[in-house]
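So you can see what is in the structure, the chains are spelled out below.
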Amino acid sequence: MTGRGIGCLLLLLTSAAAQPSGVLLHETWASNQRAWRVDEFSKLDQDAYLVDARNTGGYYRWIEQPADLGDFSAQLTLSKVRGNNVGPLYGLLLRVQDSWRNSYFFVVNGAGGYLFGRFRAGQAALLKQGQEPSLAKGGSQTLTVRASGETFSLGANGVALATVTDGTFSTAGRIGVCVEAPAMVRFEDLLVTSLDGSGGTAGGPPAGSRGVLFEDDFGTNRGWDVDARRELRDGAYYLQCDGQGPSRSFLSWNRQTAALEDGDYQLEVRFERAAANTLAGLLWRITDGTHFYFAVLGEAGNWLVGVWNGDQPTVLRRGVSTAIRPLQQANRLEVIARGSHFEVRLNDAVCGSFVDSTHRSGAVGVYLEQAGQVAFDNLRVVAPPAGPGSGRTSWPQGELRLHDPLDGQGGVWPQDADHRFSDSAYEVRGPAQGSRTTLWAASMAHRAAGVVSVVVQPLEVGPDGTYGLVVAADAAAENFWYLLLTGTGKYFAGRCVNRVFETLDSAALPPLRGEAGNTLQVTLAAGQLRYGLNDQPLGQLPCEATGGAIGLHVENGARVRFRDLRLHALPEVGR
């Protein structure tokens, strides 16, 4: 942001009304007790402060009192009235010294981006930047900052964004707002509280509430290699490769983290430059340069996860995700590690899970392969939740819409040589070669999106045998989406179009349950198909289907019992 001079402001004329304990400032702009600047560009408007930044430059507004805001939590609601979604920046000024020319800024734009930095003698220095999808949805936004000495925790709309360390202005200062032209922004309900009072932290619970095992915002070097290919700058850690010569991949890890085991590993990955084959991402449980797990993504939308154990990597899962963001935008990569079970997420979308026991512990690091430049930021490892289990909840679902125990009482299933009821279950046999799909007649009238589950118990399944669940089927069972298990310990997810099967995702299964059977789960929502086994996510695919019939599927001589078929509403509908 560029500067526009602002004249001296009036001192506070009257004292603020008595506030509850811990509140340092609560500004609702119902009146102008604190003497905010009012001119042709800024005014009080219906319990809000409206800044109309025209032409060019930054429009900065701050109050003279209180001038001793050092350690505090601040929360501000704001909304853009006019302006495009990319250029104009708007938000908070913190620890303002003599003027905006010496202060910190925390600003956002309409495209979901956020920036944190400082002005020193009027020169801007960017300390942190990233993306938060909720900031791009329009309407009112809520920014939160927790300032404690040299540490600033940033949040937006209830989401923790980043932690930044900078000691330029580590003591007290004033607070204000800013808008970069051309834009008009409405500010409402500014609340500043002491750290030992109400107010909490930015974006969520205190950092120690779930046991932060390691955290690095890359503001300073906490043990990372720095050379011609690896550097720290602008509050991020960069790897770069020109794609020439014998070395076309680079990795780096923090040796202080060599004892990490279970936890939630979180990292932001931002492609600055990338080729079609560029891959970058997170490494964990590293013991040396050829022994670790990896989760990497490409700017083109592809992703890979697997294990490196010596000379060659083994890819355990791969796929394509529409959640991956383009150049210059941060991707949130997360790995949930619990013993030999791992779940991988990209920008909050589940890519899939895998099971492997090769590496038990090790350091955390970053990776770049092929030509490109990538910035890594906001690395965090959080301990698993206290108590038994992995911390995962049951497969999300809303109200129960249809339920068939598959005990023969409903009268909606065929009974013949290949279909029969036995032991309170529905038994289906597939042809010796080929497939058989049996649709649930009761579901034909329920063509909306929803959550489907069924318990499967294989009785006879050879090496080529396959069985599972079908959703979004047409009446002829010629077009549908499927989640199938095999007798060789794999699953297949994909679609059938005009009786031609197209597998879009396949990988090894996690350990199966015994005679009680295993629950297949599929959520069909707008634009996405999410699928899992026994409450454990397996993957997610883009899916244009909006609903259809539900069915059971067997192939190549498999004989399988199905029980407890359910259709729930989507989780947001309620329970």
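Use the structure listed above.
The rules behind the values
- Each residue is numbered by its place in its chain's sequence as written, counting from 1.
- Given that the model is predicted, a residue must reach a pLDDT of at least 70 before its local features are reported, and side-chain atom pairs must reach 80 or more before they are shown or counted; all residues, however, enter totals for whole chains, interfaces and linings.
- No hydrogens and no water enter the side-chain calculation; it runs on all heavy atoms of the structure.
- Helix numbering and strand numbering both begin at the N terminus, where a helix is a DSSP run of H or I of at least 4 residues and a strand a DSSP run of E of at least 2.
- The cut-offs for exposure are 20% and 50% of the maximum accessible area for each residue type, with area from a 1.4 Å probe on protein chains only; residues under the lower value are buried, those over the upper are exposed, and the others partly exposed.
- In what follows, residue pairs with any heavy atoms lying within 4.5 Å of each other are defined as contacts.
- Here the open area of atoms and residues is found with the Shrake-Rupley method and a 1.4 Å probe, where only the protein chains shown may cover a residue.
- Every definition here rests on a 1 Å grid over the protein atoms only: cavities are sets of points where a 1.4 Å probe fits but cannot get out, pockets are open sets enclosed by protein on both sides within 12 Å along at least five of seven lines, and lining residues have some atom within 4 Å of a point.
- Grid points are joined across faces, edges and corners, and a volume is the space filled by probe spheres set on the points.
- The nonpolar class holds Ala, Val, Leu, Ile, Met, Phe, Trp, Tyr, Cys and Pro. Asp, Glu, Lys and Arg form the charged class, and all remaining residues, Gly among them, are polar.
- To pair, rings of Phe, Tyr and Trp, with the six-membered ring standing in for Trp, must have centres within 6.5 Å; the planes then decide the type, stacked if under 30 degrees apart, edge-to-face if over 60, and tilted in the middle.
- We define a salt bridge as a contact between a side-chain nitrogen of Lys or Arg and a carboxyl oxygen of Asp or Glu at a distance within 4 Å.
- Here the rule is simple: two strands pair whenever DSSP picks up at least two bridges between them.
- Here the axes come from fitting lines to C-alpha atoms, over the contacting stretch only for helices, and the angles between their N-to-C directions go from 0 to 180 degrees.
- We define the nonpolar core as a collection of buried residues of types Ala, Val, Leu, Ile, Met, Phe, Trp, Tyr and Cys that are connected through side-chain atoms lying within 4.5 Å of one another.
- Positive charges are assigned to Lys and Arg, negative charges to Asp and Glu, while His and the chain termini are left out of the count.
- Within 3.5 Å is the distance limit for a polar contact, defined as a pair of N or O atoms, with the added protein rule that one can donate a hydrogen and the other accept it, and that residues adjacent in sequence qualify only through two side-chain atoms.

The next thing to look at is the overall build of the protein. Helices and strands together make up the secondary structure of the protein, namely zero helices and 42 strands. With 575 residues in all, the protein has 52% of them scored as buried. Within the protein, counting contacts between residues at least 6 apart in sequence, those at least 24 apart form 65% of the total. Counting only carbon and sulfur atoms, one obtains 48% of the accessible surface of the protein, whose full area is about 23,600 Å².

In this structure the tally under the stated criterion is two cavities of 30 Å³ or more. By volume, the second largest cavity is sized at about 40 Å³. Residue lining of the second largest cavity: Trp303, Arg317, Gly319, Val320, Cys351, Leu504, Asp505, Tyr531, Gln540 and Leu541, and that is the complete set. Mapped onto the lining of the second largest cavity, the elements with two or more residues apiece are strand E23 (313–320), strand E37 (500–508) and strand E40 (536–542). If you tally residues by element for the lining of the second largest cavity, the top one is E23, at three residues. Looking at the lining of the second largest cavity residue by residue, the class counts come to six nonpolar, two polar and two charged.

Let us look at the environment of arginine 255. Tracing the sequence through the fold places arginine 255 in the loop between strand E18 (249–253) and strand E19 (263–274). By relative accessible area, which is 48% here, arginine 255 ends up partly exposed. Sequence separation of arginine 255 and glycine 362 is 107 residues, and the distance between their C-alpha atoms is 8.9 Å.

Attention now goes to the packing of aromatic side chains. Counted under the stated rule, the structure contains 24 aromatic pairs. The interplanar angle of 10 degrees and the centroid separation of 5.9 Å between the aromatic rings of tryptophan 29 and tyrosine 49 together place this pair among those described as stacked. You can see tryptophan 29 sitting in the loop between strand E1 (23–27) and strand E2 (42–44) and its partner tyrosine 49 sitting in strand E3 (residues 49–53), a full 20 residues away along the chain. Residue classification places tyrosine 49 among the buried residues on the basis of a relative accessible area of 0%.

Turning our eyes to something else, we now look at the pattern of salt bridges. On inspection of all chains with the given rule, the structure shows 35 salt bridges. Aspartate 45 is the salt-bridge partner of arginine 186, the closest N and O atoms lying 2.8 Å from each other. One end of the pair, arginine 186, is in strand E14 (residues 183–193); the other, aspartate 45, is in the loop between E2 and E3, and 141 residues separate them in sequence. The exposure class of aspartate 45 is partly exposed, given its relative accessible area of 23%. For glutamate 64, the salt bridge goes to arginine 174, with nearest N and O atoms at 3.0 Å. Placement of the pair is glutamate 64 in the loop between strand E4 (58–62) and strand E5 (72–82) and arginine 174 in strand E13 (residues 174–180), with a sequence separation of 110 residues. In terms of burial, glutamate 64 and arginine 174 fall into one category: buried. The network of salt bridges with shared partners includes Arg420, Asp423, Glu427, Arg429, Glu460, Arg559 and Arg561.

If you trace the backbone, serine 340 turns up in the loop between strand E24 (330–338) and strand E25 (341–346). Residues contacting serine 340, with those up to four places away along its chain left out, are Phe354, Val355, Asp356, Ser357 and Arg360.

A separate point is the sheet that holds E23. Within the open sheet, the six strands sit side by side as E18-E27-E20-E21-E22-E23. Their pairing is antiparallel. In this open sheet, the two strands that pair with only one neighbour each are E18 and E23. On average, each strand axis in the sheet is inclined to that of its neighbour by 15 degrees, with strand direction left out of account. Of the strand pairs in this sheet, strand E20 (residues 279–288) and strand E27 (residues 363–369) are connected by six bridges, and their pairing is antiparallel. Within E27, the position partnered with leucine 279 by the bridge is glutamate 369.

Across a sheet, strands are paired by hydrogen bonds formed along the backbone, either parallel or antiparallel in direction. If you trace the six strands from one edge of the open sheet to the other, you get E4-E13-E6-E7-E8-E9, paired in antiparallel fashion. Both outer strands of the open sheet, E4 and strand E9 (123–131), are each paired with one neighbouring strand and no more. Neighbour-to-neighbour, the strand axes of this sheet turn through a mean angle of 20 degrees, independent of strand direction. Pairing analysis gives six bridges linking strand E7 (residues 103–108) to strand E8 (residues 113–120), with the strands arranged antiparallel. Opposite phenylalanine 106, over in E8, you have phenylalanine 116 as the bridge partner.

Our focus in this paragraph is the nonpolar core. Phe116, Ile175, Phe187 and Leu190 are the most contacted members of the largest nonpolar core, which has 43 residues in total. At five residues, the largest contribution of residues to this core is made by E14. Dropping the residues within four chain positions of it, leucine 190 is found in contact with Leu25, His26, Glu27, Trp29, Trp36, Gln75, Leu76, Leu92 and Ile175. Trp440, Val454, Ala507 and Leu565 belong to the second-largest nonpolar core, a separate cluster that totals 38 residues.

For the rest of this paragraph, the subject is unusual backbone geometry. Omega for the peptide link from glutamine 65 to proline 66 comes to 0 degrees, which places this bond in the cis form. Tracing the chain through its elements places proline 66 in the loop between E4 and E5. A cis amide bond, omega 0 degrees, links alanine 181 with the succeeding residue proline 182. For proline 182, the location among the structural elements is in the loop between E13 and E14.

Attention now goes to the environment of glycine 365. Tracing the chain through its elements places glycine 365 in strand E27. It is 7.2 Å that separates the C-alpha atoms of glycine 365 and leucine 251, two residues lying 114 residues apart in sequence. Setting aside residues no more than four positions away along its own chain, glycine 365 makes contact with Trp224, Ser252, Trp253, Gly281, Leu282, Leu283 and Ile286.

All right, on to the side chain of aspartate 404 then. Within the secondary structure, aspartate 404 sits in strand E29 (residues 400–404). As a buried residue without a salt bridge, aspartate 404 has its nearest oppositely charged side chain in arginine 566, at a separation of 10 Å. In this structure the side chain of aspartate 404 is engaged in a polar contact, spanning 2.8 Å, whose partner is the backbone nitrogen of leucine 406. Within polar-contact distance, the side chain of aspartate 404 engages the side chain of tryptophan 440 at 3.2 Å. Once you skip the residues sitting within four places of it in the chain, aspartate 404 turns out to touch Val412, Trp413, Trp440, Asp564 and Leu565.

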